[in-house]
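Here is what each chain is made of, one letter per residue.
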Amino acid sequence: MPPFEPVLLEAIGTPESHTLASYRSRGGYAPFEKLLAEKQPTEVIELVKSAGLRGRGGAGFPTGVKWGFLPKDHPGPIYLCVNADESEPGTFNNRILMEDDPHQVIEGTMISSYATRATTAYIYLRYEYPQAWDRLQAAIDEAYAAGLLGKNIKGSDFSLDIYLHRGAAAYICGEETGLIESIEGKRAWPRIKPPFPAIEGVFRKPTVVNNVETMACVSQIARRGPEWFRSIGVPADPENPRDPGSYGPKLYCLSGHVEKPGCYEAPLGITLRQLVDEYGGGVWKGRKAKAAIPGGISMGLMTEAEFDTPLDFKGPGTVGCMGLGTAAVVVIDETVSIVDFLHNSCRFFAHESCGQCTPCREGTSWNLRILERIRAGKGRLKDLEILLENGNAMGMMPGSTICGLADGAAWPIKNAINKFRDEFEDYIKRTNPEGWMVTDPVPALQIVGAH
Amino acid sequence: MSSPELKCLTPEMVAEIEALAPRYPDRRALVLPALHLVQKALRHVPLDAVVDVANVLGYPPAEVQDTLTFYQFFHQEKPHGTVRAFVCRSVSCALRGGDDLLEKLCSQYGIEPYGTTDDGSVTIEPAECLGACDFAPCVLANDDLLKNLDPAAAAAAIEAVKVRADQRSSAAAAAAPRVTEDA
Ligand code: FES
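First, a word on scope: everything that follows refers to the structure included in this document. (Residues numbered from 1 in each chain as written. Chains lettered and ligands numbered in written order. Predicted model: local features only at pLDDT ≥ 70, side-chain atom pairs only at ≥ 80, totals over all residues.)

Attention now moves to the overall build of chain B. Looking only at helices and strands, one finds seven helices and four strands in chain B. Counted from the first residue to the last, chain B has its helices and strands arranged as α-α-α-α-β-α-α-β-β-β-α. For chain B, the spread of C-alpha atoms along the principal axes amounts to about 55 × 35 × 25 Å. Classification of the 183 residues of chain B by burial places 43% in the buried group. (Helix = DSSP H or I, 4+ residues; strand = E, 2+ residues; numbered from the N terminus. Buried ≥ 20, exposed ≤ 12 C-beta atoms within 10 Å, placed from the backbone.)

As structure tokens, this is what we get:
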């Protein structure tokens with residue numbers, strides 16, 4: 001095992017790690033009490049800014065800066081929403097934190113609420129995590145009983161309530177404004193921005209939406225200090241004033257074709273190959289890898305030759321992936337058809353598109369139908385062009401959708417076809433020897449039989 | 001507020017919903033919690049319940065229904081089985097035999113995906129990533145995560161969940177008088 005001592009996962013696997021007693025014995029909540037007694041909210045924002053913490057949910061936006069967007073001297077209420085709707089395929093680190101060390105998440109939520117002057121925090125938890133629900137609720141109850149939540153906490157003038165709010169199995173609720181709409185009791189249709197949630201969020205009040213792992217990082221920064229946090233990871237590029245760096249430990253989720261799937265904590269910047277070999281026990285069954293998803297399915301694909309790319313906020317982008325995303329690495333071995341992989345990806349997005357923007361709603365379902373046609377032995381080389389054309393036309397980047405779901409749907413298509421074009425062409429020619437060269441419009445979908 | 005006649009919701013359910021009201025500045029935020037409550041009790045959310053929820057919250061039924069239909073999670077036509085099994089079909093599970101698992105389970109129970117067995121005991125639904133990819137392929141059956149499932153052993157694991165669910169519901173039935181449905 002590599003020399004890095006886990007911090008966010010320090011208690012995982014120890015007995016009763018989910019209880020207040022265990023968390024206290026590790027030094028938990030003392031940092032919150034100290035900040036509450038000694039620091040002003042603005043100083044806490046500065047503390048988190050100086051640590052260089054970037055959001056762990058996928059976009060990597062600097063957390064302290066996000067907090068700084070809240071209006072000054074707002075009469076309130078201000079809300080904090082903790083995004084626990086973890087649903088990006090391949091991602092499960094939030095589940096582990098919430099199930100096995102919920103107090104670490106709760107303390108981060110308290111500190112963040114204090115910093116942002118939020119008096120109500122909603123933890124929006126996906127339906128599929130019943131155990132996390134029970135553990136979080138028990139932890140919240142313990143915190144109330146210990147006087148850590150409620151009115152005038154520890155004799156201060158700071159009051160905070162934390163409530164769990166349960167989702168209903170919709171991926172789009174992980175998008176921050178979709179999440180907000182969902183809390184409000186509506187369809188989770190993402191909002192047009194601006195206004196950003198910091199100005200007008202849930203119940204039309206200033207709102208911060210932060211990820212579960214980000215909350216855990218806030219707890220650790222408060223406990224160990226910003227210098228400790230900055231001593232881990234990849235420093236900002238001095239040549240590039242806009243690079244905020246990739247500081248701190250990160251929870252990498254490793255699954256798919258590895259010997260030891262699991263959630264591993266490592267400094268930001270570990271390479272994909274190190275992660276697979278040193279933590280994951282290598283590719284399973286002694287096989288070779290063909291490719292890997294670097295950070296959830298939306299981020300696209302790395303080929304085996306690209307495995308030495310560092311998994312920090314910048315690395316995946318240098319090899320054509322969208323970004324680090326959720327740092328969920330899914331390894332695909334050499335026996336897997338990339339056509340099947342892409343079909344799986346397209347099916348996911350066709351199912352999860354919320355239906356609000358036409359390019360995404362129609363685009364994702366057409367992409368799936370084309371992939372089904374290819375797999376049914378009716379593919380044409382032209383289909384690859386159509387898929388790429390769709391991929392380039394849908395998303396926030398081309399400016400045709402409200403949220404980034406479509407960009408995430410498009411990325412695996414673009415990466416898979418650009419990086420594995422030969423395999424697609426071979427497949428199409430082999431399975432459709434009569435028709436692969438046809439370029440006229442052809443009947444699609446249902447005719448081929450949906451199953 | 002005048003309290004209209006409720007067709008599905010019991011006074012206890014209304015009280016449970018009302019207990020959550022202070023958490024939100026707008027009663028509309030109670031829509032999802034209320035729908036969850038109904039689905040948990042009735043294993044589906046019939047239209048009558050939608051009207052009830054709307055009446056309790058003070059919103060038009062159309063708005064509650066609008067929200068409900070967005071989340072495929074809520075069944076409306078008929079109740080799901082005593083065991084509702086979500087079979088993950090997303091990438092990590094697919095790489096380790098998730099599609100196979102779904103097919104086997106459906107054929108063992110003689111139902112199509114999203115179907116329910118005739119005796120109303122088991123519903124099988126394909127699901128996207130359950131956030132348990134470290135245990136792929138996996139199934140969430142009621143509140144139990146069934147990990148690293150071998151297709152051959154999957155039905156037995158689901159049967160075990162069924163036994164527990166049956167025990168719970170007979171214990172609950174013994175403890176509480178049954179609410180008549182035609183009230
Ligand atoms: S892909 Fe099946 S649990 Fe994540």
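Having seen the model, we can carry on.
To continue, consider the interface of chain B and chain A. Each partner contributes to the interface: chain B provides 31 residues, whereas chain A provides 41 residues. Elements that contribute at least two residues to the side of chain B that touches chain A include exactly helix H2 (31–42), helix H4 (61–70) and helix H5 (91–95) of chain B. A total of four residues in the side of chain B that touches chain A trace back to one element, the largest contributor, which is H5 of chain B. Of the residues assigned to the side of chain B that touches chain A, the class counts are 18 nonpolar, six polar and seven charged. (Contact = placed C-beta atoms within 7 Å. Nonpolar A, V, L, I, M, F, W, Y, C, P; charged D, E, K, R; others polar.)

Residues and elements named next belong to chain A. An order of E3-E2-E1-E4 is seen for the four strands of this open sheet, with the pairing classed as parallel. Only two strands of the sheet have a single partner each, and these edge strands are strand E3 (161–166) and strand E4 (207–211). Averaged over all adjacent pairs, the angle separating strand axes in this sheet is 20°, with direction ignored. With five bridges connecting them, strand E1 (residues 79–84) and E4 associate as parallel partners. Across the sheet, residue Leu 80 finds its bridge partner in E4, namely Val 208. This element, helix H7 (residues 130–145), spans strand E2 (120–125) and E3 of the sheet and lies at about 165° to E3. Along the sheet, helix H9 (residues 212–224) makes contact with E1 and E4, crossing E4 at roughly 90°. (Pairing = 2+ DSSP bridges. Axes fitted to C-alpha atoms, helices over the stretch in contact; angles between N-to-C directions.)

Residue and element names in this part refer to chain A. Orientation of helix H6 (residues 102–116) relative to H9, taken along the N-to-C sense of each, is 80°, at an axis distance of 7 Å. Looking at the two axes, H6 sits roughly perpendicular to H9. Mapping the contact onto sequence places Gln 104, Val 105, Glu 107, Gly 108, Thr 109, Ile 111 and Ser 112 in H6 and Val 212, Met 215, Ala 216, Val 218, Ser 219 and Ala 222 in H9. In terms of residue class, the contact of H6 with H9 is built from seven nonpolar, five polar and one charged. (Parallel < 35°, antiparallel > 145°, perpendicular 65-115°, else oblique.)

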